[in-house]
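# Reading the structure
This is what each chain is made of:
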Amino acid sequence: QIPKDPTQRWLRELAALSQQLQQVHPNVLAKILKQRTVYQNEEIVVIDKPYGLPVHGGPGIKNCIADVLPILAKMLENMKADPLHLCHRLDKETTGVMVLARSKEAAEKIRLLFKTRQVEKIYWAIVLGDPDPVEGIVEIPIVEKEVQSHQSHYKMTLAPNYRLRPEDGKVMKIRKNRNAESAVTRYRRLAGASACSLLELQPITGVKHQIRVHLAYGLGCPILGDHKYSHWSKLAPQKLPELTLRRLKLEQSKARHLPLHLHAHRLHLPLGQPLDFVCKLPFFFQKTLRKLELDIPKD
């Protein structure tokens, strides 16, 4: 039963985004990834990762990219093809450019390029609010912590090296958290409207959930649909500004259906000759931009 009301229909599409790929047969999933191949040569295969598909398996996960790599390799080459190898990861909800390697040697070479920060990654995200300043660098270490609440859970959070002394507002250095990883993210605003902004992001380091944490806790501009990092102490749907709800024709109670609007837009890989890959924004992301009247920049 497809709802007649376009808003209801859109909600239905959004709610289905995460489930769709968990219910298909692994062969079907491999076929979908084959159709989403944007580049291949004798060393690598580059795919446009769909929304809601985890890279690795885990509790409650039926399908993930890692599990179908042997099937995908055979579909792309022949029945004797070696399984493909993962070189880096994207969050389950992140879409866009993802590089796979055809051999163990190629995978190790590419992982080293990521580790030594030679791979340039450009993401696009819709965030709530307006970053101040509109362009800059967030350089705050990140650590994983347990959140003590009625539902205890783990989150990444900021572990700054400095803070203001409450009594006189003086800057003081604090003891470095042993487990914190240094994290650096460049950002710049591309457009702003409807109490939201479209940002271009370049993570210089690759810490888990880095972009999400730096935007939510560092800039106070959580990513649209990031229900995990919009509150610290509770697991609850993101609270959206009135204007945003109006433009999206959503009620706050339905905000939980909004997907994470974070897309790996471009990747520059210096592998022999430099390679540049671009993945177009997914359909739901483009639709949100139109609804919010955020201008899509011309590539």
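Residues numbered from 1 in each chain as written. Predicted model: local features only at pLDDT ≥ 70, side-chain atom pairs only at ≥ 80, totals over all residues. Heavy atoms only, no water.

## Here's the deal with the overall build of the protein chain
- In terms of regular secondary structure, the protein chain is built from 7 helices and 14 strands.
- Whereas a compact globule of 299 residues would reach a radius of gyration of roughly 19 Å, the protein chain reaches 20 Å, a difference of no more than 12%.
- In the protein chain, which comprises 299 residues, the proportion classed as buried is 47%.
- Contacts in the protein chain between residues at least 24 apart in sequence constitute 64% of all its contacts with a sequence separation of at least 6. (Helix = DSSP H or I, 4+ residues; strand = E, 2+ residues; numbered from the N terminus. Rg over C-alpha atoms; globule rule 2.2 N^0.38 Å. Buried < 20%, exposed > 50% of the residue type's maximum accessible area, 1.4 Å probe, protein only. Contact = heavy atoms within 4.5 Å.)

## Quick notes on the domain arrangement of the protein chain
- Taken domain by domain, the protein chain consists of domain 1 (11–116) and domain 2 (120–267).
- Summarising the inter-unit geometry, the C-alpha centres of domain 1 and domain 2 are found 26 Å apart.
- Facing 16 residues of domain 1, the contacting portion of domain 2 comprises 17 residues.
- Together domain 1 and domain 2 conceal approximately 1,300 Å² of surface at their shared face, both sides included; 67% is due to carbon and sulfur atoms.
- Close ionic contact of Asp91 with Arg212 constitutes a salt bridge, the shortest N to O distance being 3.0 Å.
- In this structure, the connection of domain 1 to domain 2 is made through 6 residue pairs in polar contact (both at pLDDT 80 or more).
- Elements represented by at least two residues in the side of domain 1 that touches domain 2 include exactly helix 1 (6–20) and strand 4 (95–101). (Domains from an automatic or database assignment. Buried area = accessible area lost by both parts, 1.4 Å probe. Salt bridge = Lys/Arg side-chain N within 4 Å of Asp/Glu carboxyl O. Polar contact = N/O pair within 3.5 Å; in protein donor to acceptor, adjacent residues only side chain to side chain.)

## Considerations on the packing of aromatic side chains
- This structure, assessed with the given rule, holds 5 aromatic pairs.
- A ring pair is formed by Tyr51 and Phe284, whose centres lie 5.3 Å apart and whose planes are at 75°; its orientation type is edge-to-face. Here Phe284 lies in helix 7 (residues 283–292) and Tyr51 lies in the loop between strand 2 (44–49) and helix 3 (65–76), a separation of 233 residues in the sequence. Accessibility assignment for this pair places Tyr51 and Phe284 in one class, buried.
- The structure contains a cluster of three or more aromatic residues connected by ring pairs, namely Tyr51, Phe284 and Phe285.
- The ring of Trp10 has Lys291 sitting right over it, with the charged end atom 4.4 Å from the ring centre. (Phe/Tyr/Trp six-rings, centres within 6.5 Å; stacked < 30°, edge-to-face > 60°. Lys NZ or Arg CZ within 6 Å of the ring centre and 35° of its normal.)

## Details of helix 7
- The set of residues buried in helix 7 consists of Phe284, Phe285, Lys287, Thr288, Leu289 and Leu292.
- Immediately downstream of helix 7, the backbone of Glu293 shows phi near 60°, a positive value.

## So, the pattern of salt bridges
- Following the criterion strictly, the structure yields 16 salt bridges and no others.
- A salt bridge links Arg36 to Asp48, with the shortest nitrogen-to-oxygen separation between them at 3.6 Å. With Arg36 in the loop between helix 2 (26–35) and strand 1 (37–40) and Asp48 in strand 2, this pair connects stretches of sequence that are 12 residues apart.
- Beyond isolated ion pairs, a larger network of salt bridges with shared partners links Arg89, Asp91, Glu93, Arg212 and Asp226.

## Structural notes on the packing of helix 1 against helix 7
- Relative orientation of the contacting elements helix 1 and helix 7 amounts to 140°, with a least axis distance of 12 Å. Relative to helix 7, helix 1 is oriented oblique. Once helix 1 is placed against helix 7, the crossing between them reads as left-handed. Residues Trp10, Glu13, Leu14 and Leu17 of helix 1 lie in contact with helix 7, whose contacting residues are Phe284, Lys287, Thr288 and Lys291.
- Residues belonging to the contact of helix 1 with helix 7 are distributed by class as follows: 4 nonpolar, 1 polar and 3 charged. (Axes fitted to C-alpha atoms, helices over the stretch in contact; angles between N-to-C directions. Parallel < 35°, antiparallel > 145°, perpendicular 65-115°, else oblique. Left-handed = near helix turned anticlockwise from the far one by under 90°. Nonpolar A, V, L, I, M, F, W, Y, C, P; charged D, E, K, R; others polar.)

## Re the pairing of strand 14 (residues 273–278)
- Examined bridge by bridge, strand 13 (residues 262–271) and strand 14 share 6 bridges and lie antiparallel to one another. From the neighbouring strand, Leu267 faces strand 14, where its bridge partner is Phe277. (Pairing = 2+ DSSP bridges.)

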